[in-house]
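The primary structure of each chain is shown beneath.
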Amino acid sequence: MDAKQLSQRLATVGAFVQPGARVADIGSDHAYLPANLALNHQISYGVAGEVVRGPFENAQREIQKLGLEDQLVARLADGLAAIQPEDQIDTVTIAGMGGPLIRHILEQGPAQLAGVQRLVLEPNVGEATVRDWLAANQFEITAERILAEDGHTYEVICADRVTHPVTYTPAEQLFGPFLLAEKSPVFIAKWQRELQRVQHAVAQMQQAKVAPTEHLAAATAKIKLIEGVLTDAGK
Ligand code: SAM
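The notes below deal with the structure included here. (Residues numbered from 1 in each chain as written. Predicted model: local features only at pLDDT ≥ 70, side-chain atom pairs only at ≥ 80, totals over all residues. Heavy atoms only, no water.)

**A word on the sheet that holds strand β4 (residues 91-97)**
1) Next: Read from one edge to the other, the open sheet built from 7 strands follows the order β3-β2-β1-β4-β5-β7-β6, with strand pairing classed as mixed. The sheet is open, and its two edges are formed by β3 (72-76) and β6 (139-149), each paired on a single side. Each strand axis lies, on average, 15 degrees off the axis of its neighbour in the sheet, ignoring direction.
2) Next: Pairing geometry for strand β1 (residues 21-26) and strand β2 (residues 43-50), over 6 bridges, is parallel. The residue bridging valine 23 from the neighbouring strand is glycine 46, located in β2.
3) Next: Across the sheet, helix α3 (residues 53-65) lies against β2 and β3, angled at about 165 degrees from β3, the strand it touches most. (Pairing = 2+ DSSP bridges. Helix = DSSP H or I, 4+ residues; strand = E, 2+ residues; numbered from the N terminus. Axes fitted to C-alpha atoms, helices over the stretch in contact; angles between N-to-C directions. Contact = heavy atoms within 4.5 Å.)

As structure tokens, this is what we get:
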């Protein structure tokens, strides 16, 4: 993978960035995503934010190598601190991190998010906590994708700022409102695997001398939700 040929995962994130957007890609590593969008004239400006020096230098090198200095800037910063007011960022992408870290990054930057209309997020795990944050902060999920690549399953969530309240049921939060409605084969396979994993965890918890009551209750509730969805899908 490089800026000219993105993975299917990053290409899916990029597909939700609207033409002419001013995008900040947080945790950009080599800046492949914003560089690809700039090369394809899909964005008018981009910031590649990185908190670690090595990846930040990778991003700088990539931008220079591709001659994209007029449209892209790499910044060494923690999370949304990479965004400056004059950037006029309207879209933030965060890909390839756990959901709790994505949520933490979003929570740390209300000022930088003020002008942001669209978030495109690809949490590797813990998608539900991201959806919970989106609803609580009036970002409505407008599209979702689930895909399998190189033995991993990825979910991409696109959310737009709205002025009305946003709420998701526990099932929508866990599975994703669009993914739940679609129930694709990749989705079914993911939740069949997850069901087995949680059932195994519950069996182990039940054998413990002192059963962890809260964890057990949460896992049992999750099993019920997954079983309900798989039964609905006839699986
Ligand atoms: N976004 C790219 C992708 O999806 O292929 C790179 C993902 S890489 C697994 C995660 C990157 O996020 C790392 O380069 C890491 O240094 C960066 N990162 C982690 N926490 C961050 C934070 N708080 N602010 C900025 N970057 C962060």
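**Focus on the pairing of strand β7 (residues 152-161)**
1) Next: The buried fraction of β7 amounts to 8 of the 10 residues, a majority that puts the element mostly inside the structure.
2) Next: The pairing of strand β5 (residues 118-123) with β7 spans 4 bridges and is antiparallel. Residue pairing for β7: leucine 121 is matched across the bridge by isoleucine 157.
3) Next: Pairing of β6 with β7 involves 10 bridges; the strand directions are antiparallel. Looking at β7, one finds that isoleucine 141 is bridged to alanine 159. (Buried < 20%, exposed > 50% of the residue type's maximum accessible area, 1.4 Å probe, protein only.)

**Quick word on the site of the ligand**
1) Next: Neighbouring the ligand are 17 residues; Arg9, Gly27, Glu50, Asp78 and Gly79 lie closest to it.
2) Next: In this structure, an oxygen atom belonging to the ligand sits 2.7 Å away from a side-chain N or O atom of arginine 9.
3) Next: Within the side chain of aspartate 78, one N or O atom sits 2.7 Å away from a nitrogen atom of the ligand.
4) Next: Relative to its unbound accessible surface of 600 Å², the ligand loses 78% to contact with the protein.
5) Next: When contributions to the shell around the ligand are tallied by element, the ones reaching two or more residues are α1 (8-15), β4 and α4 (99-107).
6) Next: The biggest single contributor to the shell around the ligand is β4, with 3 residues.
7) Next: Residues that form the shell around the ligand fall into these classes: 10 nonpolar, 3 polar and 4 charged. (Near = heavy atom within 4 Å. Polar contact = N/O pair within 3.5 Å; in protein donor to acceptor, adjacent residues only side chain to side chain. Areas by Shrake-Rupley, 256 points an atom, 1.4 Å probe, with all protein chains shown as cover. Nonpolar A, V, L, I, M, F, W, Y, C, P; charged D, E, K, R; others polar.)

**Here's the deal with the packing of helix α9 (residues 185-207) against helix α10 (residues 213-232)**
1) Next: At a closest axis distance of 9 Å, the pairing of α9 and α10 adopts a crossing angle of 150 degrees. On the basis of the axis angle, α9 is roughly antiparallel to α10. Considering the relative orientation of α9 and α10, their crossing is left-handed. Counted together, Phe187, Ile188, Trp191, Gln192, Glu194, Leu195, Arg197, Val198, Gln199, Val202, Met205 and Gln206 of α9 and His215, Leu216, Ala219, Thr220, Lys222, Ile223, Ile226, Glu227, Val229 and Leu230 of α10 form the full contact between these two elements.
2) Next: Taken together, the residues of the contact of α9 with α10 break down into 13 nonpolar, 5 polar and 4 charged. (Parallel < 35°, antiparallel > 145°, perpendicular 65-115°, else oblique. Left-handed = near helix turned anticlockwise from the far one by under 90°.)

**What about unusual backbone geometry?**
Excluding glycine, a negative phi dihedral is what most residues carry, and trans is how most peptide bonds are arranged.
1) Next: Of note, alanine 31 is a non-glycine position whose phi angle comes to about 65 degrees, a positive value.
2) Next: You can see alanine 31 is positioned in the loop between β1 and α2 (32-39).
3) Next: The backbone of aspartate 150 shows a phi angle near 50 degrees, a positive value even though the residue is not glycine.
4) Next: Note on placement: aspartate 150 falls in the loop between β6 and β7.

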